[in-house]
Amino acid sequence: AAGVIQSPRHLIKEKRETATLKCYPIPRHDTVYWYQQGPGQDPQFLISFYEKMQSDKGSIPDRFSAQQFSDYHSELNMSSLELGDSALYFCASSAVGANVLTFGAGSRLTVL
Amino acid sequence: SQQGEEDPQALSIQEGENATMNCSYKTSINNLQWYRQNSGRGLVHLILIRSNEREKHSGRLRVTLDTSKKSSSLLITASRAADTASYFCATDAQLKGEKLTFGTGTRLTIIP
C-alpha cells in the first residue's frame, strides 16, 4: 500500500540558506500535517492543510511557509535557515473525518 | 502548556516482561492515541481510544484512559527486543479539530 512520501530524506544547508521539503500524502487523503522534531524532542506541530487550505497553525516560524497544491502534495519552504532549524521534519496525512495520522519517514535537515 | 506528558521518560526491561508507560494531558480530548517511533524514523500509529472508552486491547497492547484524571497508560505484555522504540501519546483537543499534540515520549529499551 502506498505510504506518505517525503523528499528529500536528507538535506544539508548552510545558515541563511533556503530549503524546500516535499510531501506526497496517501491517495485520497485530503489533510496534510507538518511536524518538526528536534533531537530527543517530541514532534511539534507546525501547520496543516485540508483541501488545499490552511486548517491549523502551530509553532511555525515566520521564516517558514507551506502550501498544499491541487494534486494534494505539500511543500514546506524554510528561509534564512538557522542552526536551530536542524531537525527531522515529518509530514503526515489523514482521510477526512479520520483521527489517525499516517506519517512519512521524515526529512532530516542539518544546518551548518 | 505541554499537552501529553509521558512517564517514565526512559524504561529498560528484560525481554518477556511487561512494560507500562503513562501519559497525562491537560485539556479535554476527543481521542487519545499512542504512536511508536523507531530511532530517527517516522511515527507509527498503534492504537486509538475514544474519550468515552476506558480500556482497549490490540494484540499485546492494552490502553486505559481515565478522563477524570486526564491520564492514559499503555501496557505492552510479553515484551520483545523488537519493541525497543520511543512511544508517544497524542491527543486532539475538542476545540481544536484534527491537530494532534504529542507528548514527550517514553524511550523503551528491551534487553534480550
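Residues numbered from 1 in each chain as written. Chains lettered and ligands numbered in written order. Predicted model: local features only at pLDDT ≥ 70, side-chain atom pairs only at ≥ 80, totals over all residues. Heavy atoms only, no water.

A.B. asks: Pulling in residues and values, what's your account of the interface of chain A and chain B?
C.D. replies: Between chain A and chain B, the contact holds 18 residues from the first and 21 residues from the second. Both sides together, the interface formed by chain A and chain B hides about 1500 Å², and carbon and sulfur atoms give 52% of it. When the buried area of chain A at its contact with chain B is split by residue, D42(A), N99(A) and F103(A) rank highest and sum to 31% of it. Taken together, the links from chain A to chain B amount to 3 residue pairs in polar contact (both at pLDDT 80 or more). (Contact = heavy atoms within 4.5 Å. Buried area = accessible area lost by both parts, 1.4 Å probe. Polar contact = N/O pair within 3.5 Å; in protein donor to acceptor, adjacent residues only side chain to side chain.)

A.B. asks: How would you explain the packing of aromatic side chains if you had to name every residue and give the values?
C.D. replies: Applying the stated criterion across every chain, the model contains 9 aromatic pairs over all chains. Judged by centre distance (5.8 Å) and plane angle (50°), the rings of Y35(A) and F103(A) are tilted. Of the two residues, Y35(A) is situated in strand β4 (residues 31–37) and F103(A) in strand β10 (residues 102–103); the sequence distance between them amounts to 68 residues. A single burial state applies to Y35(A) and to F103(A), both of which are buried. Taken together, the ring pairs in this structure connect Y35(A), F45(A), F90(A), F103(A), Y35(B), F88(B) and F102(B) into an aromatic cluster. Over the aromatic face of Y72(A) sits the side chain of K52(A), whose NZ or CZ is 5.1 Å from the ring centroid. (Phe/Tyr/Trp six-rings, centres within 6.5 Å; stacked < 30°, edge-to-face > 60°. Helix = DSSP H or I, 4+ residues; strand = E, 2+ residues; numbered from the N terminus. Buried < 20%, exposed > 50% of the residue type's maximum accessible area, 1.4 Å probe, protein only. Lys NZ or Arg CZ within 6 Å of the ring centre and 35° of its normal.)

A.B. asks: Can you break down the state of the cysteines residue by residue, with the values?
C.D. replies: Scanning the model with the defined rule gives 2 disulfides over all chains in all. The side chain of C23(A) participates in a disulfide bridge whose partner is C91(A); the two sulfur atoms lie 1.7 Å from each other. Residues C23(A) and C91(A) are joined through a disulfide that is left-handed, its torsion about the S-S bond being -60°. Of this pair, C23(A) sits in strand β3 (residues 19–24) while C91(A) is found in strand β9 (residues 87–94), placing the two residues 68 residues apart along the sequence. In this structure, C23(A) and C91(A) share a single accessibility class: buried. Paired through a disulfide, C23(B) and C89(B) show a sulfur-sulfur distance of 1.9 Å. The chirality of the disulfide connecting C23(B) with C89(B) is right-handed, given an S-S dihedral of about 60°. Remark: C89(B) occurs in strand β9 (residues 85–93) and C23(B) occurs in strand β3 (residues 19–24); sequence separation between them is 66 residues. The two residues C23(B) and C89(B) agree in class, both being buried. (Disulfide = S-S within 2.5 Å.)

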